[in-house]
Each structure stands twice: as C-alpha cells, then as structure tokens.
There are 2 protein chains.
Amino acid sequence: MTPRASGVLAPVVTPFRPDLSPDAGRFARHCRWLLDSGVGLAVFGTNSEANSLGVDERIDLLEALVAAGVDPGRMMPGTGTCALADTVKLTAHAVKAGCAGVLMLPPFYYKGVTDEGLFRSYAEVIERVGDARLRVYLYHIPPVSQVPLSLALIGRLLKAYPQAIAGVKDSSGDWNNTKAMIDAFAAQGFDVFAGSETFLLANLRHGGKGCISATANVNPAAIHALYAHWRDADADARQQRLDAVRATFQKRPMIAAMKAAIAHWSGDAAWKTVRPPLVDLADSESAALVGELQAIGFAMPGLAAAP
Amino acid sequence: MTPRASGVLAPVVTPFRPDLSPDAGRFARHCRWLLDSGVGLAVFGTNSEANSLGVDERIDLLEALVAAGVDPGRMMPGTGTCALADTVKLTAHAVKAGCAGVLMLPPFYYKGVTDEGLFRSYAEVIERVGDARLRVYLYHIPPVSQVPLSLALIGRLLKAYPQAIAGVKDSSGDWNNTKAMIDAFAAQGFDVFAGSETFLLANLRHGGKGCISATANVNPAAIHALYAHWRDADADARQQRLDAVRATFQKRPMIAAMKAAIAHWSGDAAWKTVRPPLVDLADSESAALVGELQAIGFAMPGLAAAP
C-alpha cells in the first residue's frame, strides 16, 4: 500500500531541450533534489507546463522518471485534461505506475458547466480506471481553469466514491474557501492541501494536510521545514520568510522566474527554456530576480550543477 | 489544389454511443446531410464537443469520415489544443488527409499570456507541420478559450506566414471586432468568418467570407441560402428568420439543444447523448424547444432517419 500523500509537494518544473522536447535527465535530477529536500512530486502540474505537454509526452516522461529510480510512491501527477479519453489514459497509467495519487483538473474548455456535468466527468474517469488503488486529489484552480469545484460537488463525489476521492488542492487563493473545505470534509478523511505555502501555516493549524506550491521547486527545504516544525514557536517567523521569497518570484511570470533561478543557482542555462505560450525571462529580468533573492539571503543549497 | 473555404460551415455535432464513444456512422450521415444542404464541415469545433475528444479519437474519427467517402476538401477540422505536440499531430494529420484548412485554437490553459508567446505557439506548429498545403484559420473565441487573439498578433502571423495563415473565425460576438479584422487584413487575402450567422449578412456586406456557426448543424439550408442570396432584396428578411431560429436554440445549452432537435427530427433518440462535462436536455426541455421551433415554422427537411 502506497502511503498517503502529506506535507509539501512541488509541481515539478519541466526542463526542455533547445528543440522544446522534454529533458528527462534534468527532470529526474531536479526530482531527486526535491525529494532530498523533503518535498513530494506533484509532477505535471500547472507550474510544470504540463498542459503544454502532449498525452504521449507525459506518459513517456513518467516512465523515464520511474526508470531513473525516482519513487512513484512520492508522486502525485496531474492527469486532468479537457478530454475524458485522455484523462482516463493518463490516470490509469499513473495508477499502474504506483503513484501515490493523481491531481485532477476538471475538463476546463467548456465554461459555465453544471455540477451535474462535473460530477459525471469525475465519475466516468473513476469508473473507467476501475482500480481500487486510485486516489484522486481534486484540483480547484479557478483563476486558471475558469472551472471552479463547488463544495456541493465535492460532497457528492466524496459520498459516491469515498475511497477514490482523497483530497483537494485549493489554488483559489482564498483562505476562506480552503477553510470551508476543511470544515466540511476533513473529518471524512478528505485531505486539503493549500495551493501555495502562503497558507501553509494556516492550513496546518486548521487541520489541513500541507501544500502543493510552485515555489517548492526553488525553496523546498525551507517550506518543508515549516511543515516539519509548524508547532514550534518560530513558525510565524518561518512563514514570513517564505512569504518574502515567494513575493519576489511572484512579481514575475512565475514559471519563467523559477526556471531562471534554477538556471542561475545550478549554472545550467538550459533550464531557462519554457514552452510556448510561455516566454522565458529576459536576461535583465533574470539578473534583477537573482539580485533581489540574494538580498534576502535566498540560495538553493545542494542543487545539482550542469551535467 | 483544394479550393479555399468559403460560405457557411458547421462545427459538426459529434454523436456518441451509450458508452460515450464517438459514433462514426451517425457522424458521417450528418456530414452528408450538411454537405447536401450546402454547408461545409468545421468538424471538431467547440460545438462538436471536440475538446472532450482525445487526440486519438479525433484522428480515428477523421479517418472514418474520409473512409466513408466524405470529401476532406470540404473539411476544416479543429486542431488546436493546449499542447504543442498534440496540436502538431492533429494538424499534420488533417493536412495529409487533404482537408481544406484547419481551425486552430491558441493553447488555452494558461491565461494572460503575451502576444509573443502566442506568436511562438502558432509559429512552432506551422514550422513543425512544415507542409505548403497547410491553411490555418485562427480561432478567436475569448468567451470560452479566455485567450483572445489580438489584431497585432494576427498581423504579425500574417506577415511571417502569408501562405499558411488563411483567415479567422471570430467568435467574440462583437461585430466591431470582426469588422476591424476585415478592415485590417482582408485585402491581404485573409478570410474572415463570423462566428455565427447572426453576423452573416453584415460580414458579407463588409467583405467577409461567410460564417462558421453552431446552428448550421440544424438550420443549414436556410443559412446557406442567405449566403447564396445575400445581394437579393429579401436578404434582411432572411437574416431575421435565421435570428429567430438561433434565438430559440440559444436560450438553452446550445450543444444539448441542437442534439435534442436532431434526435426529434430524425426520430433517432441516440443523438441526445452528450459527453461530460455537458449534460443532455431534460425531456420536458426538449419538448419545449421542439414546440417553440415548430411554432416558428422550423423543420429539418431531408434529415436522415434513425438507421
């Protein structure tokens, strides 16, 4: 039995070669650094540019990670796409690979859809995958998906599939919503992850399970340390330091900024590459980011250098 | 050389079996009825629920249509997905199949992306497909995609790829935007299609090429007749009759309503099925729709009965 996910997970940034193909070697190295820093692997998330990856690319990359010895029991791959068939394919593959769970966007092309339609979407995937090992973490990220998941929908899914529906990542950016999810469902074994470390301490104090946060790609050890020591007297001070780092990244396009930081601290310029429709940071902007981060004492200790 | 698309095209509704798999036989029959009614086939559009179809499902369905004898020279399949690799795969397949063009959404998961990022997205697809036969119709549908295509972006694409960039479907619902596209680019051979027949007459009078409209699935002959006779004295009266039919559908969820109407007039209840996240119309709502349509003299002459 794969242990249940908890603590801090990173939506692992996906490195690309100059021809924009995914770079499995660099990907596995970054995953190992994250695991060594104490955080789990929410590969193929929003910040992984996973929605810019083809179905076959995601399958090949997950297989490459497992072949490279990265533990699937620490992975929660994103598997939700617009299309039922593709979501089923990716989800079944992740379960068979031994992943701890999957993070599942609702189908997000059609807007203004009903709870009934979203219920049927998740239900079809769960029924078609038909595997008792499946653990679905619902992915609520209305600023990007534009398709919110209501408390009523979550309640209905949890009632129908109490084994399969394992939790949620709440990327609404609204702590009151995260709190409402915990209040409504945590007692039933529904694990609520905050969508960023901004709400990590609040989430843990209120009964949540941790966070799945972009910045865990670049600041993993410090975010994990707050998780590990959230009952300590210095927890609020830790939270404030995390917030300062995050704010520095968040002033820029987040994914490009994280890749620029990894490129800088690893000395591996190949990390800068993003896939369209994203655009990499200009050199001047990367330098400004690094300067601001150094000014607040940020570094990425132990990050693997360029191969 | 495949003739350039013009006139009226339908984003062909996709029939599903009870197990939600696409039904190629019914799909080909509906395509033939549309062609017989004078309209072209924008298969795999928004109203085709194409974004709920997997990559392989789209490829298999297009091949099934061609195998069934439906002319690919009358087809403009939708091929734009979130993922570069999938968009390239679908587009290359459509070109090789001999389609007249492709209707291409921008990558639509990430929001607030730059024109530079969108330019790179389209440019990568065009370069990777690398086929002189490729004709791209840009798909501007901000109410659904939430990723608009600016005039500046279109101008830049047209300058870089004057052969490949063939036109646009403007589903903004804003006639001033459609007009601005014609004014800026029609003289360069850029074909502007209105996103619905609501603006068909205005579009033709202003120098546009036609429309690609959901309702062309259910009212094809009448919409085509306005295209064929738009210079006649009764054109405004024709437009008003089209508008009345459209308004009756548009009061309901459009895709489910069109499928309910096809089910009614063909006597083939199988047509009612939609894929999640959409939900089929309740029987009472279908009956109300049919009643309102009959009251304004609507019918679907020549529609194939249930097999």
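Residues numbered from 1 in each chain as written. Chains lettered and ligands numbered in written order. Predicted model: local features only at pLDDT ≥ 70, side-chain atom pairs only at ≥ 80, totals over all residues.

Attention now goes to the overall build of chain A. On a plain count of helices and strands, chain A comes out with 12 helices and seven strands. For 307 residues, the compact-globule formula gives about 19 Å, and the C-alpha radius of gyration of chain A, at 18 Å, lands near that figure. The buried share among the 307 residues of chain A stands at 56%. (Helix = DSSP H or I, 4+ residues; strand = E, 2+ residues; numbered from the N terminus. Rg over C-alpha atoms; globule rule 2.2 N^0.38 Å. Buried ≥ 20, exposed ≤ 12 C-beta atoms within 10 Å, placed from the backbone.)

Moving on: the interface of chain A and chain B. If you look at the interface, chain A gives 33 residues, while chain B gives 33 residues. Secondary structure elements with two or more residues in the side of chain A that touches chain B: helix 2 (55-67), helix 3 (84-96) and helix 4 (115-129) of chain A. A total of six residues in the side of chain A that touches chain B trace back to one element, the largest contributor, which is helix 4 of chain A. For the side of chain A that touches chain B, the residue count by class is 19 nonpolar, seven polar and seven charged. (Contact = placed C-beta atoms within 7 Å. Nonpolar A, V, L, I, M, F, W, Y, C, P; charged D, E, K, R; others polar.)

Here we take up the pairing of strand 1 (residues 7-10) of chain B. For a regular strand, the rule is simple: side chains alternate between the two faces of the sheet. Residues and elements named next belong to chain B. As defined by bridge partners, strand 1 adjoins strand 7 (residues 210-212) across three bridges and the pair is classed as parallel. What sits directly across from L9, in strand 7, is I212. Sheet topology places strand 1 next to strand 2 (residues 40-41); two bridges connect them, and they run parallel. Bridged to L9 within strand 2 is G40. In this view, the connection linking strand 1 to its parallel neighbour strand 2 by way of helix 1 (residues 24-36) has right-handed handedness. (Pairing = 2+ DSSP bridges. Right-handed = clockwise from strand over helix to strand, strands pointing away.)

A few words now on the packing of helix 2 (residues 55-67) of chain B against helix 3 (residues 84-96) of chain B. Each pair of packed helices can be described by the angle between their axes along with the distance between the axes. All names here are of chain B. In the contact formed by helix 2 and helix 3, the axes pass within 10 Å of each other and the chain directions differ by 5°. It follows from the interaxial angle that helix 2 and helix 3 lie roughly parallel. Contacts between helix 2 and helix 3 involve V55, R58, I59 and L62 from the first element and D86, K89, L90, H93 and A94 from the second. Split by residue class, the contact of helix 2 with helix 3 holds five nonpolar, one polar and three charged. (Axes fitted to C-alpha atoms, helices over the stretch in contact; angles between N-to-C directions. Parallel < 35°, antiparallel > 145°, perpendicular 65-115°, else oblique.)

It is worth spelling out the relation of the copies chain A and chain B at this point. Both copies of the chain are tied together by a single rotation about an axis and a shift running along it. Rotating chain A by 180° and moving it 0.0 Å along the rotation axis overlays it on chain B with an RMSD of 0.0 Å. Both copies of the chain, as the preceding transformation shows, are related through a two-fold rotation axis. An overlap of 100% is found between the interface residues of chain A and their copies at the interface of chain B, pointing to a shared contact surface. (Least-squares fit on C-alpha atoms with pLDDT ≥ 70 in both.)

Residues and elements named next belong to chain B. Where helix 1 meets helix 2, the axes come as close as 10 Å, and the angle between the chain directions of the two elements is 55°. The angle between helix 1 and helix 2 falls in the class oblique. Of the two elements, helix 1 crosses helix 2, and the hand of that crossing is right-handed. Between helix 1, through A24, F27, A28 and C31, and helix 2, the contact on the second element is made entirely by L61, A64 and L65. For the contact of helix 1 with helix 2, the class distribution of residues is seven nonpolar, no polar and no charged. (Left-handed = near helix turned anticlockwise from the far one by under 90°.)

Okay, the environment of V70(A) next. Residue and element names in this part refer to chain A. Position of V70 relative to the elements: it lies in the loop between helix 2 and helix 3. With 23 C-beta atoms packed within 10 Å, V70 lands in the buried category. Each C-alpha atom of the pair V70 and C31 lies 7.3 Å from the other, and the pair is 39 residues apart in sequence.

Residue and element names in this part refer to chain B. Spatially, 2-1-7-6-5-4-3 is the arrangement adopted by the seven strands of the open sheet, whose pairing is parallel. Whereas interior strands pair on both sides, the edge strands pair on one side only; in this sheet they are strand 2 and strand 3 (102-104). Relative to strand 4 (residues 136-140), strand 3 runs parallel, the two being bridged by three bridges. Opposite V102, over in strand 4, you have V136 as the bridge partner.

Attention now moves to the pairing of strand 5 (residues 165-170) of chain B. Residue and element names in this part refer to chain B. Counting buried positions along strand 5 gives six out of six residues, so the element sits mostly inside the fold. Note that strand 5 and strand 6 (residues 191-194) share four bridges and pair parallel. When the sheet's bridge partners are listed, G167 is paired in strand 6 with D191. What joins strand 5 to strand 6 is helix 7 (residues 175-185), and the crossover it makes is right-handed.

Residue and element names in this part refer to chain A. Tracing the backbone through its elements, the reader meets I182 in helix 7 (residues 175-185). Owing to 20 C-beta atoms within 10 Å, I182 belongs among the buried residues under this scheme. With 26 residues separating them in the primary sequence, I182 and G208 have C-alpha atoms 6.4 Å apart. Residues contacting I182, with those up to four places away along its chain left out, are V192, H206, G207 and G208.

Turning next to the sheet that holds strand 1 (residues 7-10) of chain A. All names here are of chain A. Taken together, seven strands build an open sheet; the order of strands is 2-1-7-6-5-4-3 and the sheet is parallel. The sheet terminates laterally at strand 2 (40-41) and strand 3 (102-104), the two strands that pair on one side only. Sheet contacts for helix 9 (residues 220-228): strand 1 and strand 7 (210-212); angle to strand 1, the most-contacted strand, approximately 155°.

Residue and element names in this part refer to chain B. Between its first and last C-alpha atoms helix 1 spans 18 Å; for 13 residues at 1.5 Å apiece the expected length is 18 Å, and the two agree. All of the buried residues along helix 1 are R26, F27, R29, H30, C31, W33 and L34. Elements that come into contact with the buried residues of helix 1 comprise strand 1, strand 2, helix 2 and helix 9 (220-228). Looking one or two residues past helix 1, G38 carries a phi angle of roughly 100°, positive in sign. (Expected span 1.5 Å × (residues − 1).)

Across chain A, the average pLDDT comes to 97, with 99% of residues at or above 70. Here the predicted complex carries an ipTM of 0.95, next to a pTM of 0.96. (pLDDT = per-residue confidence, 0-100.)

Residue P277(A) is bonded to the preceding P276(A) through a cis peptide linkage, with omega at 15°. Structurally, P277(A) is set in the loop between helix 11 (254-266) and helix 12 (283-295). Residues other than glycine seldom take positive phi values, yet L20(A) does so here, at roughly 75°. Structurally, the position occupied by L20(A) is in the loop between strand 1 and helix 1 (24-36). Phi at Q146(B) is positive, roughly 60°, even though this residue is not glycine. Position of Q146(B) relative to the elements: it lies in the loop between helix 5 (142-145) and helix 6 (151-160).

Here the focus is the environment of W175(B). All names here are of chain B. With respect to the helices and strands, the residue W175 is situated in helix 7. Residue class for W175 comes out partly exposed when judged on the 15 C-beta atoms lying within 10 Å of it. Distance in space between the C-alpha atoms of W175 and I59 is 34 Å, their sequence separation being 116 residues. Apart from the residues lying within four places of it in its own chain, the contact partners of W175 are F199 and A202.

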